[in-house]
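The residues making up each chain are set out below.
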Amino acid sequence: MRGSHVCSVVSSLVLLWLGVAAAQKASSWKTLSGNAPAIIAKGGFSGIFPDSSEFAYQFALIASSPDTILYCDVRLTKDGLGICLPDIKMDNCTNIPDFYQQGRKSYLVNGVSMAGWFSVDYNGTELGQVSLKQSIFSRSPRFDPSFFPILAVEDIASKFKPPGMWLNVQHDSFYSQFNLSMSNYILSVSKRVIVDYISSPEVSFLTKVSGRLSNNTKLVFRFLDESTIEPSTKQTYGSMLKNLTFVKTFASGILVPKKYIWPVSPDNYLEPHTSVVDDAHKAGLEIYAADFANDFMFSYNHSYDPLAEYLSFIDNGCFTNLKKSKTDHGKPLIISHNGASGDYPACTDLAYQKAVDDGADVIDCPVQLTKDGIPICMSSINLMDDTTVAKSQFASQTAVIKDIESVLGVFTFNLTWDDIVKNLRPKISTPFSSFKLERNPRYRNAGNFMRLSDFLDFTKDKDLSGIMISVEHAAFVAEELGFDMVDSVIKTLDAAGYSNQTTQKVMIQSSNSSVLVKFKQQTKYDLVYMINEEVKDAAPSSLAAIKKFADAVSVEGNSIFPENRHFTTYQTNLVESLQNAGLPVYVYTLMNEFASQPYDFFSDATAQINAYVQGAGVNGVITDFPATARRYKLNTCMHMGNNTPSFMAPARPGDLLQIISKPAQPPAMSPMPLLTGSDVAEPPLPPARTAQAPSLASRMQAHVAILVTLAMLLACHPLKYELTVLVQICLKLREGKGMEKSLK
């Protein structure tokens, strides 16, 4: 097989999930007919393969609902052949410039000058060597070297025998300039091919064919942007929307951009839905929504979850009307990652409340210590990551601490709790800013910071199966700052009464075995070992070591489904090995943004969860978006047994990679390592530094004083100190030793 993809105009990318709705016998649908809404695959499965290619059409019928309708944008060739192409210009969606380098032309299309390669300049034979290709730059071009011939309308019917066929026709007047008649072609082809739907944004075309086609063919008037002028009536599409009784005279339905139904504000938040659906039904018109794609921007209200967006348009199916009860804490266990940090700044009261409201089973607190030894919930020890410290009076305290990370930071232990609460604001995480995927910008600095004690007070009366407390950098904090993180966490839990209650379990997570060993010695909490490196499996020695101090393990997603250039390659044995050793497995960190997911999951967070739960068999998911996991957990398709639709089957790792042609295959990956006993073993945590030893803060202050002295010496004797000496001094300064000797 071969493939690629292009812009989705009608519902297509999340078909495997919406298909459930169409496949089930719904008690009532709010469509005009009362039937399940149609699923229309624009150019086939055009989110993965090239729009209108053989693989795109074939895959749509395999992966989606069995009644999926195949959509074709019809263009005409010089000899009157109807072909399927997503754009009137062929440059971006085919490789035609490689064959006809001098073929670039300029034409007026509906009064607008366009330059490029056009199908009207070539006959079917001349286009036989041209291949379809990827036209959306944010999608993988790996399939482009495969040969995807341009398909005629008749090819779609004969090759795939679809349960339904939708032909979209535009630019009728453009083709007439070349003595080609789109209306004659459609009338002719409809005698040879069963066409269920014909859409067009041109009134004149639809009136030409109205009454001359089979009664089973529905004519659909396609609305373009509201300010665009319809070429035959010279009215804007926005004004025509107010006269649907006129549209009813030549069409049985309308196709509208989704924003006609759910408009968004200039800053991309949902506004109240319009009455266009009711208006269409009152006029006796069916209505279809367009412009859906999993990897395009949609309203922030949908939290980058394409299924959530679809469900706001469709009111029934196995992913809607789900029970709100949160008492079922079965598989998969839903563990928040810094609260609902995909919707609000991490570890704030808003993020935690959203996680509870969204149905998380466990909410988490990554503990950091402040300068005055207060344990707080903060996603990173570096305040630069998730606070406004860079714009505060504390920005001058930036430093690089190699034992923590190799970037500049202002760290939690640099500031007191009062410093943080009174002077800083939270900052929402933006892990995919390079894709311009912001998270909830209206609330980018909303919420309040929480101490561990505040977090524990918050969780006590919540409908949760447990809490997870993450502890990192404990050895550094003990040696350099003089604080015992394990002791601080235990005392805070004791003070909150968690050592004496059984309602909620307490989970302690760490990537350091030494931390968990100490907790095991002093508590009876559930201990979770985080494997923070990518491994393909766990050796018996590592399993035996982990079993001594941990009750469960959390693993990075790539350790389950390794990726190569954003394609999964295979499924490792890691989950099976850990579970066979009696260790439940939690996968981290799942996100909704399409950029976080391999192409195999179709830019759909729900498909990704399904792969980990049904495919890999993980026990739980750690996620920035608990609502997405909760909806998946409660969907009615989870309990359909042998009647489970084929499109609910989890993606098989490596399938897409295998169908890429050999010249376009990404380079082979280096073998992933095996987790061994030596990887797990650590020396015991060091005792907290005594009061007599100099603290890191005092040493940093001394270093600043030395730098000031150095600057004064250079000012007085600029020629005496060479650059090489200065470099040596700076290096020793970073090492924190030999400073006095260097200055002599």
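Predicted model only: the values in this text are computed from it and were never measured. (Residues numbered from 1 in each chain as written. Predicted model: local features only at pLDDT ≥ 70, side-chain atom pairs only at ≥ 80, totals over all residues. Heavy atoms only, no water.)

(A) Just the nonpolar core, in detail. Membership of the largest hydrophobic core comes to 86 residues, with the highest contact counts inside it found for Phe221, Phe223 and Ile254. It is helix H2 (residues 54-63) that contributes the most residues to this core, six residues altogether. Counting only domains with at least three residues in this core, you end up with domain 1 (40-222) and domain 2 (333-381 + 430-675). Formed by 80 residues, the second largest nonpolar core is a distinct cluster that contains Leu456, Ile508, Tyr529 and Ile609. (Core = buried A, V, L, I, M, F, W, Y, C linked by side-chain atoms within 4.5 Å. Buried < 20%, exposed > 50% of the residue type's maximum accessible area, 1.4 Å probe, protein only. Helix = DSSP H or I, 4+ residues; strand = E, 2+ residues; numbered from the N terminus. Domains from an automatic or database assignment.)

(B) Looking closely at the packing of aromatic side chains. A full pass over the atoms with the stated rule returns 41 aromatic pairs. Centroid distance Phe246 to Phe250: 5.4 Å. Interplanar angle 70 degrees. Geometry classified as edge-to-face. Relative accessible area serves as the criterion here: at 31%, Phe246 is assigned to the partly exposed category. Looking at Phe250, the relative accessible area reads 4%, which means it is buried. Through a chain of ring-to-ring contacts, three or more aromatic side chains come together here, namely Phe45, Phe49, Phe55, Phe59, Phe143, Phe148, Phe567, Tyr599 and Phe602. The ring of Tyr269 carries the charged tip of Arg442 above its face, separated from the ring centre by 4.0 Å. Of note, Lys462 hangs over the ring of Phe458, and the distance from its end group to the ring centre comes to 4.1 Å. (Phe/Tyr/Trp six-rings, centres within 6.5 Å; stacked < 30°, edge-to-face > 60°. Lys NZ or Arg CZ within 6 Å of the ring centre and 35° of its normal.)

(C) Layout of the confidence of the model for the protein. Mean pLDDT for the protein: 88, with 87% of residues reaching 70 or above. Across residues 1-26, where pLDDT falls below 50, the model places 141 contacts with residues more than four positions away in sequence or in other chains. The model gives residues 701-744 a pLDDT under 50, and that stretch makes 20 contacts with residues more than four places away or in other chains. (pLDDT = per-residue confidence, 0-100. Contact = heavy atoms within 4.5 Å.)

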